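# Structural description and commentary
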There are 2 protein chains.
Amino acid sequence: MHKLGTLQAGPCSAAERRKDIWVTASSRRRIPEATVARLPLYYRALMETGERQVATISSERLAELAGVNAAKVRKDLSYLGSYGTRGVGYDVEYLLHEISRELGLTRDWPVAIVGIGNLGRALANYRGFGARGFRVEVLIDADPALVGHQIGDLSVVSIDDLDRVVREHNIAIGILATPAGAAQEVADRLVAAGVTSILNFAPAVCSVPEGVSMRKVDLAIELQILSFYQLRRGTGGTAPPRERTG
Amino acid sequence: MHKLGTLQAGPCSAAERRKDIWVTASSRRRIPEATVARLPLYYRALMETGERQVATISSERLAELAGVNAAKVRKDLSYLGSYGTRGVGYDVEYLLHEISRELGLTRDWPVAIVGIGNLGRALANYRGFGARGFRVEVLIDADPALVGHQIGDLSVVSIDDLDRVVREHNIAIGILATPAGAAQEVADRLVAAGVTSILNFAPAVCSVPEGVSMRKVDLAIELQILSFYQLRRGTGGTAPPRERTG
DNA sequence: CCGAGCTTGTGCACGCGTTCTCAAAGTGTG
DNA sequence: CACACTTTGAGAACGCGTGCACAAGCTCGG
């Protein structure tokens, strides 16, 4: 039986915990979660714009590129500070710098992938981690037949060495691509080894202690959600959901 | 230039469009988007419970298994109808049936994957589409060197035949795993061929016309969000986000 | 048949996020 | 310098989703 209590534990939910704390030196106000989730969109849009030698960009144009509306862009950016100039727009270069600083993309994040199956292998080879800073440095698997196997320029390490390797590479971000059954145990071991951010691809509910963040990407769930709306579509109603950003 | 206007277009947003419509025969009330996103969690939890020959389950237990809280479970399930018995709980078998009907999992959905790179290949081989009903029937790529190549028991089809093949297989759900640059064009072609649900893995903003739904899964963005909170963690604050369900 | 003990279903209050709207603040021209 | 035009930044209203709290309803034992 897993210890599930910590996940969204009843009376002391995340929403309650972070009330007025969370005003760090770098950010004037607390940045809403929804805004954080959109910053990468702005970042990407600005990167593309920057390559075209455009010096300044309006909230309207940026909104168009990021696929949101202009009011949202302005409010989001205002959380970072007043980086725009009225009547002109935002300085692309400067805004890019501020956002990447805010997102921690000026740093380099070493990443470990645990579970080198179909998905893990694909992630290991995936060049498109967009704005780099995320360097996959460690591949871990439980299957002895895989250990030592070369993928790209990395070789797969046994899960027995998880703790050591994660510590040696100073890894803070782990990617979980194991089967559902192993997810919770691997998550626990990652956390024990000092990992404080986990991206979980395993189709399983999985809990982490306070102070560790975890985001879940579940293909089956995404398909099932699509299926729900797909089903209604034929039978009369219009489909509500367009795109998800959160 | 892509036609971006349709995405979350200003004054006529999705939120405004689906006001009081959306009460289909199968569902007594309009089911909130957030609830729809959690139904697959309940579905999975119930499947595991059902295998253990448990006849009935309380909202509390189901909440624990799904990683949410009990009040939410009850409210969510009440949108489907009053399928529980006070003092007893929910009949596992029956609830399972109702949820899978609601999610359209009683049907079979043929799926096409476009873009057979690292990720596309992994998805093609991925057995874990959980509760099946989602059968990958078509693999499409633009690279002539890949066309005809066998993956599992499917062979890759040229993108020139996209329209024909999608129609022949009666495909309603498409998975987009192309590079960013090709995403919008491929999405347009899928829609033109009759696809009305798209799961988009390409790291690009991409719009679809009204009546088509699209969900986006973006690895780079997920990592950047983790990075944001990871960054703060060291410098004093506690980390707000635990797990995402939406 | 009654009362104790559970468990569901829902009304209600609250908080977050979105959008509208408009004053404030910049640019450029004559 | 004044005026027209552009664009940001934020105050306010609204709607959705969450969680609490409790009445309604079921089971079981005596």
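Just so you know, these numbers come straight off a predicted model, no measurement behind them.

This brings us to helix 5 (residues 92-103) of chain B. Residues and elements named next belong to chain B. With twelve residues, helix 5 ought to run about 16 Å at 1.5 Å a step, and its terminal C-alpha atoms sit 16 Å apart, in line with that. V92, L95, L96, E98, I99, S100, E102 and L103 are the residues of helix 5 that are buried. The N-cap of helix 5, judged by a side-chain oxygen 3.1 Å from the amide nitrogen of E93 a few residues on, is D91. Looking one or two places after helix 5, you find G104, whose phi comes out positive at around 75°.

Taken together, 29 residues lie near DNA strand C, and N69(A), K72(A), R86(A), S59(B) and Y90(B) sit nearest. For DNA strand C, the backbone portion of the atoms within 4 Å of the protein, that is sugar and phosphate, comes to 69%. One of the side-chain nitrogen or oxygen atoms of K75(A) is found 3.3 Å away from a base oxygen of DNA strand C. Mapped by element, the contributors of at least two residues to the surface near DNA strand C are helix 2 (33-51) and helix 4 (70-80) of chain A together with helix 4 (70-80), strand 2 (84-85) and strand 3 (89-91) of chain B. Looking at the surface near DNA strand C residue by residue, the classes come out as eight nonpolar, ten polar and eleven charged.

With that settled, the discussion passes to the confidence of the model for chain A. For chain A, the mean per-residue pLDDT works out to 86, and 82% of the residues sit at or above 70. In the predicted structure, residues 1-26 of chain A sits below a pLDDT of 50 and forms 50 contacts with residues beyond four places in sequence or in another chain.

Neighbouring residues of DNA strand D: 29 residues in total, closest S59(A), Y90(A), K72(B), K75(B) and R86(B). Taking all atoms of DNA strand D within 4 Å of the protein, the share assigned to sugar and phosphate is 68%. Here a base nitrogen of DNA strand D and a side-chain polar atom of R86(B) are 2.7 Å apart.

The subject of this paragraph is the sheet that holds strand 10 (residues 197-200) of chain A. Residues and elements named next belong to chain A. Within the open sheet, the six strands sit side by side as 8-5-4-9-10-11. Their pairing is parallel. Here the strands that pair on one side only, and so sit at the sheet edges, are strand 8 (157-158) and strand 11 (213-216). Sheet analysis places strand 4 (residues 109-114) next to strand 5 (residues 134-141), joined by six bridges and oriented parallel. Following the sheet pairing, A112 is matched in strand 5 by V138. Each of strand 4, strand 9 (173-176) and strand 10 touches helix 8 (residues 180-192); the most contacted strand, strand 9, lies at about 170° to it.

Thresholds, definitions, all that
- Residue positions are counted from 1 within each chain, in the order its sequence is given.
- As they are written, the chains are lettered A onward and the ligands numbered 1 onward, keeping that order.
- With pLDDT at 70 or above as the cut-off, local features in this predicted model cover only qualifying residues; side-chain atom pairs require 80 or more to be listed or tallied, and sums for whole chains, interfaces and linings still use all residues.
- With hydrogens and water stripped out, all remaining heavy atoms of the structure feed into the side-chain values.
- The numbering of helices and of strands both runs from the N terminus, where a helix is a DSSP run of H or I of at least 4 residues and a strand a run of E of at least 2.
- Any helix carries an expected span of 1.5 Å times its number of residues minus one.
- Partly exposed describes any residue whose relative accessible area lies between the buried limit of under 20% and the exposed limit of over 50%, with all areas from a 1.4 Å probe on protein chains only and scaled to the type maximum.
- N or O atoms closer than or at 3.5 Å make up a polar contact, with two conditions inside protein: a donor-capable atom paired with an acceptor-capable one, and, for residues adjacent in sequence, both atoms drawn from side chains.
- Near is defined per residue: the residue qualifies when any heavy atom it owns lies within 4 Å of the molecule or strand.
- Amino acids are sorted into nonpolar (Ala, Val, Leu, Ile, Met, Phe, Trp, Tyr, Cys and Pro), charged (Asp, Glu, Lys and Arg) and polar (every other residue, Gly among them).
- A score between 0 and 100, pLDDT records how confident the predictor is in each residue.
- In what follows, residue pairs with any heavy atoms lying within 4.5 Å of each other are defined as contacts.
- Any two strands with at least two DSSP-identified bridges between them are counted as paired.
- Orientation is described by axes fitted as lines to C-alpha atoms, over the contacting stretch for helices, and by angles from 0 to 180 degrees between their N-to-C directions.

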